[in-house]
Amino acid sequence: MSDRGRHVTDDQWVERDDDGFAAGYADPDGYGYGYGDPDGYVTGEGEEEYAYRSDRRRDPRRARRPSHATGYRAGTPRGPGPARRPPRARVSRPPMRLGSTRRRLRATVVILCALLVVLAGRLTQLQGFQASAYAKRAEKQRTNIVTLDAARGVIADRSGATLAQDVDARSVYGDPSNVTDARAVATALSPLLKVPVDTLVTKLLGSGRFVYLARGLEPAVGKEVAGLRLSGIGVLEERRRMYPSGSLASNVVGFTTVGDNGVLVGGGGIEGAYDRLLRGTDGVRRVEVDPAGRPIPSGSSREKDPVPGSGVRLTLDRDVQWAAQNAIAEAVRTTQADGGTVVVMEPATGNILAMADAPDYDPNRIGAANPATLKNRATQDVYEPGSVNKVITMAAAIDRGLISADTPVTVPSNLRIAGQTFTDAEPHATEYLTATGVLARSSNIGTILIARKLGSANLEGALRAFGLGSRTALRFPGESAGLLTPSSAWDPQQAATIAYGQGMSATAIQMASVYATIANGGVRVPPRLVDSTTSPDGIVHTTPREPGTRVISESTAATLSQMLEAVTSDSGTAPLAAIPGYRVAGKTGTAERVGPAGHYNGYVASFVGFAPADQPKVVVEVVLDNPRDGHFGGTVAAPVFKKVMSFALATMAVPPTGTTGPKLTIDLGASR
């Protein structure tokens, strides 16, 4: 720096360097100031400090910014001492400049272009790639889709009498999205629909655009609801299931319930077993509606007609079913039994003419029915058949040539087997009977003695040949196979009890089939309940008949038939089953009953037989479960058999054969 200096005013002087920048100055008081920025502001002090100024003269109007350094008077000599570190320079901010309008315009244009690109892309996505999807959503919002229920097929008896059919009905539905005051609407509908107000409110406040409020209404009720003109409420035509004869054959025909999407579903019996065939194919109606749910007059409407279900014709005879049902209901009531069943069959065809239960239920009012009655006793309930099973032991022994109808059998008062004493139902001294007498008097001891000649393996084979231990060809819903353990597992006591029908179980339909086999000359024809089906186009499809299976010889069957006639004679156990003018063959059964706790409690009384004995046309079986006012099959079940058989023979116009049965020897005691 040069030593050049120039006195500027009386109170300051300035030294300039070679470049003309101010190097320092002093105020009138002689204080020196240090480095300054280009604008002349002091930033420090020291021995070598100078105050810089810009080339232009310092504006006297600008207020001087004092230095933070300690001043000293100009020209004052300084003594020796350590040099002080100069403070860090303060950097001042440059003055703010106004933004460029051109830059702002460019930025605005870029942002607008970006927004336009985004909008164009979104429009392309909606109009180009998702147009069909949004169109479908819009169509769905304005389209009301209603399922048109197919008419369920008719169930009829063998003569065509209707047992179940669909009838014209109405259903009331709601569109919750178009109901503004749910409680007011529910209050108006409740008296007509017979549905509580709160139930209707809950449905009307739900989600979705369609909900059934009531179904199966009379057409007149639907007309009244339509007359209210309630927003969001509509009426549809539909079909409902009706059973013209009420409880008649309800255990066979079954019932229907409302399933998913309001579709009627078979819940038991033929309705359940043939549900898919009876149901048919539903139709669909698509109607454009306004926001209030009302059809748009000019809107499009598409409809696919439903296809009705096929009809089912049964082998049942409505009249015989009625007689059987009344007879068993009366017997259950008078004997105070837990329940009962009657099976009526044609032995030559296996056709079931009646299958009646007591107690029963009305399928028109299924909601009020006792759940315990919603079954078919003849195919589902198993019981120990007792003495009616003795005919199989006799059949196997006769067919193998081990005995004949006149074979003498000495029957002691009791028989001890493996530590257990066996007796007959009535105490007696030693009796001298024939094989016919054993069957006619229903002797347990005599049957055990004949079964010993036969052997357990042969007895089991005969039982299974007659169909015990397996389900019948009916394949009825819930049908049981009964219980028959292999003979290899029988102990001596079980081998004895099974011979007379205890220690094993069967269903009523199985035991009816056993006697139908004997009545049919030894050929077992599978039971048959459905005669044919009729498709919607009117074509009849006959149910195939399964071939019969020979179980015993024709001569054995004829011998057994004559032996069974002795049961209904005055010397047998069931004279109450005899029908004037007809030859009747049959057998009583009085078996101990297995109660709910698993041990014997009460009895099962039964009678099964056929008529005319020499030309069998009808088989009837009667079973009473736990009768309390009398329990012997010959006194409580045989009279029911007589009523039902007499009616069936008259209905089928079966005349008496005019022959008389053979007089077989029963008791040999008189000759001893």
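For clarity, every value in this text was computed on a predicted model and none was experimentally measured.

**Brief notes about the sheet that holds strand β16 (residues 339-345)**
Then comes step 1: Judged by pairing direction, the sheet is antiparallel, and its five strands sit side by side in the order β17-β16-β30-β29-β28 without closing on themselves. Edge positions in the sheet fall to β17 (352-358) and β28 (585-594), since each of these pairs with one other strand and no more. Ignoring which end each strand starts from, the neighbouring axes of this sheet average 10 degrees apart.
Then comes step 2: Its contacts with the sheet place helix α9 (residues 318-335) against β16, β17 and β30 (618-625), and it is angled at close to 30 degrees to β17.
Then comes step 3: Of the strands in this sheet, β16, β17, β28, β29 (600-611) and β30 touch helix α16 (residues 508-519), which is tilted by about 150 degrees from β30.

**Details of the environment of Arg285**
Then comes step 1: Note on placement: Arg285 falls in strand β13 (residues 283-288).
Then comes step 2: Residue Arg285 is classed as partly exposed on the basis of its relative accessible area, which comes to 26%.
Then comes step 3: In this structure the C-alpha to C-alpha distance between Arg285 and Thr147, which are 138 residues apart in sequence, comes to 6.4 Å.

**What to know about the packing of aromatic side chains**
Then comes step 1: Following the criterion strictly, the structure yields five aromatic pairs and no others.
Then comes step 2: Consider the rings of Tyr173 and Phe210, whose centres lie 4.9 Å apart with planes at 25 degrees: the pair is stacked. Linking Tyr173 in strand β8 (residues 162-174) with Phe210 in the loop between α4 (197-204) and β9 (211-217), this pair joins segments that are 37 residues apart in sequence.
Then comes step 3: Judged by centre distance (5.1 Å) and plane angle (85 degrees), the rings of Phe210 and Tyr212 are edge-to-face.
Then comes step 4: A relative accessible area of 19% places Tyr212 in the buried class.

**Looking at the confidence of the model for the protein chain**
Then comes step 1: Here the protein chain shows a mean pLDDT of 85. Residues at 70 or above account for 81%.
Then comes step 2: Below pLDDT 50 for its whole length, residues 1-16 participates in 44 contacts with residues either more than four positions away or in separate chains.

**Observations concerning helix α13 (residues 444-454)**
Then comes step 1: A large share of α13 lies buried, amounting to eight of its eleven residues.
Then comes step 2: For α13, the N-terminal capping position is held by Ser443, with its side-chain oxygen 3.0 Å away from the main-chain nitrogen of Gly446.
Then comes step 3: Taken from the residues just after α13, Gly455 is the one with a positive phi, measuring 90 degrees.

**Some details on the nonpolar core**
Then comes step 1: Judged by nonpolar contacts, the single largest core of 85 residues is most densely connected at Ile270, Leu314, Tyr515, Leu529 and Leu560.
Then comes step 2: In terms of residue count, α16 provides more of this core than any other element does, nine residues in total.
Then comes step 3: Filtering out sequence-adjacent residues up to four positions away, Ile270 remains in contact with Ile155, Val252, Val253, Gly254, Asp275, Leu278, Val312, Leu314, Phe476, Leu529 and Val530.
Then comes step 4: Ranked by size, the runner-up nonpolar core spans 35 residues in total, among them Ala324, Val332, Leu353 and Val622.

**Structural notes on the side chain of Thr533**
Then comes step 1: Here Thr533 shows up in strand β25 (residues 530-534).
Then comes step 2: Residue class for Thr533 comes out buried when judged on its relative accessible area of 14%.

**Here's the deal with the packing of helix α3 (residues 182-193) against helix α5 (residues 219-228)**
Then comes step 1: Orientation of α3 relative to α5, taken along the N-to-C sense of each, is 165 degrees, at an axis distance of 10 Å. The orientation of α3 relative to α5 falls into the category roughly antiparallel. For the crossing formed where α3 meets α5, the hand is right-handed. Residues Ala188, Leu189, Leu192 and Leu193 of α3 form the contact with α5, whose participating residues are Val221, Glu224, Val225 and Leu228.
Then comes step 2: Counted by class, the contact of α3 with α5 contains seven nonpolar, no polar and one charged residues.

**Some remarks on unusual backbone geometry**
Then comes step 1: In this model, Ala358 is joined to Pro359 through a cis peptide bond whose omega is -5 degrees.
Then comes step 2: Considering the arrangement of structural elements, one finds Pro359 in the loop between β17 and α10 (377-380).
Then comes step 3: Its identity as a non-glycine residue notwithstanding, Arg229 has a phi of 50 degrees, on the positive side.
Then comes step 4: Tracing the chain through its elements places Arg229 in the loop between α5 and β10 (233-242).
Then comes step 5: Arg229 sits in the exposed class, given a relative accessible area of 77%.
Then comes step 6: Although it is not a glycine, Arg475 sits at a positive phi angle of roughly 50 degrees.
Then comes step 7: Within the secondary structure, Arg475 is located in the loop between α14 (456-465) and α15 (492-499).

**Quick word on the pattern of salt bridges**
Then comes step 1: Under the defined criterion, the tally for this structure stands at 21 salt bridges.
Then comes step 2: A salt bridge links Arg215 to Glu238, with the nearest nitrogen and oxygen atoms 2.6 Å apart. In this pair, Arg215 is assigned in strand β9 and Glu238 in strand β10, connecting sequence segments 23 residues apart.
Then comes step 3: Put simply, Arg279 and Asp275 hold a salt bridge, and the shortest N to O gap is 2.5 Å. Taken as a pair, Arg279 and Asp275 lie in helix α8 (residues 275-279) at a separation of four residues, close to a single helical turn.
Then comes step 4: Salt bridges here are not isolated pairs; linked through shared partners, they connect Arg152, Asp166, Arg241, Glu271, Asp275 and Arg279.

Criteria and cut-off values
Throughout this document, residue positions are counted from 1 along each chain, in the order its sequence is written. Predicted model: local features are reported for residues with pLDDT of at least 70 only, side-chain atom pairs are reported and counted for 80 or more only, and whole-chain, interface and lining totals are derived from all residues. Hydrogens and water are ignored here; the side-chain numbers use all heavy atoms of the structure. Strand pairing follows a simple DSSP-based rule, namely that at least 2 bridges must link the two strands. In this description a helix means any DSSP run of H or I spanning at least four residues, a strand means any run of E spanning at least two, and both kinds are numbered starting from the N terminus. Comment: axis = line fitted to C-alpha atoms, over the contacting stretch for helices; angle = value between 0 and 180 degrees taken between N-to-C directions. In what follows, a contact means two residues having at least one pair of non-hydrogen atoms within 4.5 Å. A 1.4 Å probe rolled over the protein chains alone gives each residue an accessible area, and that area as a share of the maximum for its type sets the label: buried under 20%, exposed over 50%, partly exposed in between. Two aromatic rings, drawn from Phe, Tyr or Trp (for Trp, its six-membered ring), form a pair once their centres lie within 6.5 Å of each other, and the interplanar angle then sorts them: stacked below 30 degrees, edge-to-face above 60, tilted otherwise. The pLDDT score gives, residue by residue, the confidence of the prediction method on a 0 to 100 scale. Here a polar contact is taken to be a pair of N or O atoms separated by no more than 3.5 Å, where protein atoms must pair a possible hydrogen donor with a possible acceptor and residues adjacent in sequence count only if both atoms sit in side chains. Only buried residues count toward a nonpolar core, which is a set of Ala, Val, Leu, Ile, Met, Phe, Trp, Tyr and Cys residues joined through side-chain atoms within 4.5 Å. In these notes the angle categories are as follows: under 35 degrees is roughly parallel, over 145 is roughly antiparallel, 65 to 115 is roughly perpendicular, and the rest is oblique. Should the near helix be turned counterclockwise from the far one by less than a right angle, the crossing is left-handed, whereas a clockwise turn marks it as right-handed. Residue type decides the class: Asp, Glu, Lys and Arg count as charged, Ala, Val, Leu, Ile, Met, Phe, Trp, Tyr, Cys and Pro as nonpolar, and the leftover types, Gly among them, as polar. The salt bridge criterion pairs a side-chain nitrogen of Lys or Arg with a carboxyl oxygen of Asp or Glu, the two atoms within 4 Å.

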